[in-house]
Amino acid sequence: MKYMKKSKRVTAVTLLVLFLMLTASAFCSCGTSFDDTVYAVVSENNLSGDGFYYSLYENNTAVITGWKPVDCKLVIPDKVDGYTVTRIGKDAFRDLEAIKYVSVSSGIRVIEANAFAGCKELLYAELGGGVVKIGDSAFSECSALREVYGGEAVTDIGNSAFMFCSSLAKFTFGPSIKSIGNDAFYYCSALSEVDLSSGKKSGAGTVTLGNGVFAYCSGLTYVNLGGASSVPGEAFVKCTSLVRINIGDGIASIGEQGSRGCENLETIYIGKNLTEISDAAFYDCASLANIRYAKGGSAFGKIKIAEGNECFSGAEVTYKSAPLSD
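Computed from a predicted structure; not experimentally measured. (Residues numbered from 1 in each chain as written. Predicted model: local features only at pLDDT ≥ 70, side-chain atom pairs only at ≥ 80, totals over all residues. Heavy atoms only, no water.)

Colleague: Can you explain the nonpolar core? Please cite residues and give values.
Modeller: Ranked by internal contacts, the top residues of the largest apolar core, which has 82 residues, are Phe 139, Ile 157, Phe 162 and Phe 185. Every residue in contact with Phe 139, bar those within four places of it in the chain, is listed here: Ile 111, Phe 116, Ala 117, Leu 122, Ala 125, Leu 127, Ile 134, Leu 145, Ala 161, Phe 162 and Cys 165. (Core = buried A, V, L, I, M, F, W, Y, C linked by side-chain atoms within 4.5 Å. Buried < 20%, exposed > 50% of the residue type's maximum accessible area, 1.4 Å probe, protein only. Contact = heavy atoms within 4.5 Å.)

So, in structure tokens, the structure goes:
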């Protein structure tokens, strides 16, 4: 009798474990997590009925690798020939000047390197809300590109991803953003505002920035680095319209020549954890007049300030201040 009761308990526990495993599996499949498993290619250079070239992988997913242009509007589908599309492949639409508008389906997670590089007539890009990674130079030299929508899920933006997109006026950084590569927005001269404060939702200082990330963005007026982990070298070089910068609590250092040549920079907020300002970080910032600091005067005096930062050293400091508002 005791054996039967024990057996029933074991069976019940086993069933419960199986149920929980199945439930967890079901919930995971409904999320936005990205499967980065490397699968083997089954076939390449397939042409779908709607004009897309694609590679087929062993897990029955497809990667778009090209297109036979039929219109100025490019709509990248969820499926080709019945296979689920997960990526836009490397160089897939490179230098296709027929494209003026791109719409990416919500199921696509990755835009690989150079996918739209050199599409000089491209005006708008809709990322569909599902893209998590934008590869190196993915949109570089898209000089007519004005706005990018649907990037809320993006976690990683590669090196030079939007380099020389001189007409780009709007890109919204969502709460998922973790890294923005070297020169990612280099010479995006129409970009007027950068707000990384949403990165704080996953903890202050979680967004990694690459060297020269916003260099020569001459139209940039306001920057909020509330979610960033550092200000890298040459991050804002020659952002000649930049007036205000919020340097968040997650930032411990400002890199060499970080804001060199920001001649109209007037006000900076410095978070409580800044310890070092590198060579020429604020060189040739003649308009810098106000520094708002989160802590008191004794803490400010411990910040290491390297050479070439006379503009910073000569500014008036207000202690125990709040961050700048938009």
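Colleague: Summarise the packing of aromatic side chains; cite the residues concerned and give the values.
Modeller: If you walk through the whole model with that rule in mind, you get 20 aromatic pairs. Ring geometry for Phe 139 against Phe 162: centres 5.2 Å apart, planes inclined by 5 degrees, an arrangement best described as stacked. Of this pair, Phe 139 sits in the loop between β10 (133–134) and β11 (147–149) while Phe 162 is found in the loop between β12 (156–157) and β13 (170–171), placing the two residues 23 residues apart along the sequence. Judged by its relative accessible area of 1%, Phe 139 falls in the buried class. Each ring, one from Phe 300 and one from Phe 312, has its centre 6.2 Å from the other, and the planes form 20 degrees; the classification is stacked. Here Phe 312 lies in helix α3 (residues 310–313) and Phe 300 lies in helix α2 (residues 297–300), a separation of 12 residues in the sequence. As far as the burial class goes, Phe 300 and Phe 312 line up, both buried. An aromatic cluster of at least three residues, connected via ring pairs, comprises Phe 93, Phe 116, Phe 139, Phe 162, Phe 171, Phe 173, Phe 185, Phe 214 and Phe 236. (Phe/Tyr/Trp six-rings, centres within 6.5 Å; stacked < 30°, edge-to-face > 60°. Helix = DSSP H or I, 4+ residues; strand = E, 2+ residues; numbered from the N terminus.)

Colleague: Run through the sheet that holds strand β7 (residues 101–104), naming residues and quoting values.
Modeller: The strand order β4-β7-β9-β11-β13 describes an open sheet built from five strands, whose pairing is parallel. On the outer flanks of this sheet lie β4 (73–76) and β13, each paired with one strand and no other. With two bridges connecting them, β11 and β13 associate as parallel partners. Opposite Val 148, over in β13, you have Phe 171 as the bridge partner. (Pairing = 2+ DSSP bridges.)

Colleague: How would you explain the sheet that holds strand β20 (residues 267–270) if you had to name every residue and give the values?
Modeller: In spatial order, the strands read β15-β17-β18-β20-β22-β24; together these six strands make up an open sheet with parallel pairing. The open sheet is flanked by β15 (193–195) and β24 (316–318), the only strands paired with a single partner. Recorded for the sheet is a direction-independent mean angle of 10 degrees between the axes of neighbouring strands. Pairing analysis gives three bridges linking β15 to strand β17 (residues 222–225), with the strands arranged parallel. By the bridge assignment, Val 194 is partnered in β17 with Val 223. (Axes fitted to C-alpha atoms, helices over the stretch in contact; angles between N-to-C directions.)

Colleague: Account for unusual backbone geometry, with residues named and values stated.
Modeller: One non-glycine residue, Tyr 187, lies in the positive phi region at around 60 degrees. Secondary-structure assignment places Tyr 187 in the loop between β14 (179–180) and β15. Tyr 187 gets classed as partly exposed once you look at its relative accessible area, which sits at 39%. The phi dihedral of Glu 234 is positive, around 60 degrees, even though this residue is not glycine. Take Glu 234: it is sitting in the loop between β17 and β18 (244–247). Taking relative accessible area as the criterion, Glu 234 reaches 40% and is therefore assigned partly exposed.

Colleague: So, the pairing of strand β1 (residues 41–47): which residues are in play, and what are the values?
Modeller: Taken together, the four bridges between β1 and strand β2 (residues 52–57) define a ladder with antiparallel strand orientation. Each bridged residue has a counterpart across the sheet, and for Ser 43 the counterpart in β2 is Leu 56. Two successive antiparallel strands, β1 and β2, enclose a turn made up of four residues, where Gly 51 displays a positive phi of approximately 90 degrees.

Colleague: Account for the environment of Ser 179, naming residues and giving values.
Modeller: With respect to the element layout, Ser 179 can be found in strand β14. Here the alpha-carbon distance between Ser 179 and Lys 133, two residues 46 residues apart in the chain, equals 9.8 Å.

Colleague: Requested: an account of the pattern of salt bridges, with residues and values cited.
Modeller: In the structure shown here, the tally under the stated rule is four salt bridges. The shortest N-O distance in the salt bridge between Glu 112 and Arg 87 comes to 3.1 Å. With Glu 112 in the loop between β8 (110–111) and β9 (124–126) and Arg 87 in strand β6 (residues 83–88), the pair connects residues that are 25 residues apart, well separated along the chain. According to the relative accessible area criterion, Glu 112 is partly exposed, its value standing at 23%. The salt bridge partner of Glu 141 is Lys 120, with a shortest N-O separation of 3.8 Å. Note that Glu 141 is positioned in the loop between β10 and β11 and Lys 120 in the loop between β8 and β9, a separation of 21 residues in sequence. Glu 141 sits in the partly exposed class, given a relative accessible area of 40%. (Salt bridge = Lys/Arg side-chain N within 4 Å of Asp/Glu carboxyl O.)

Any link to function would need more than the numbers given here.
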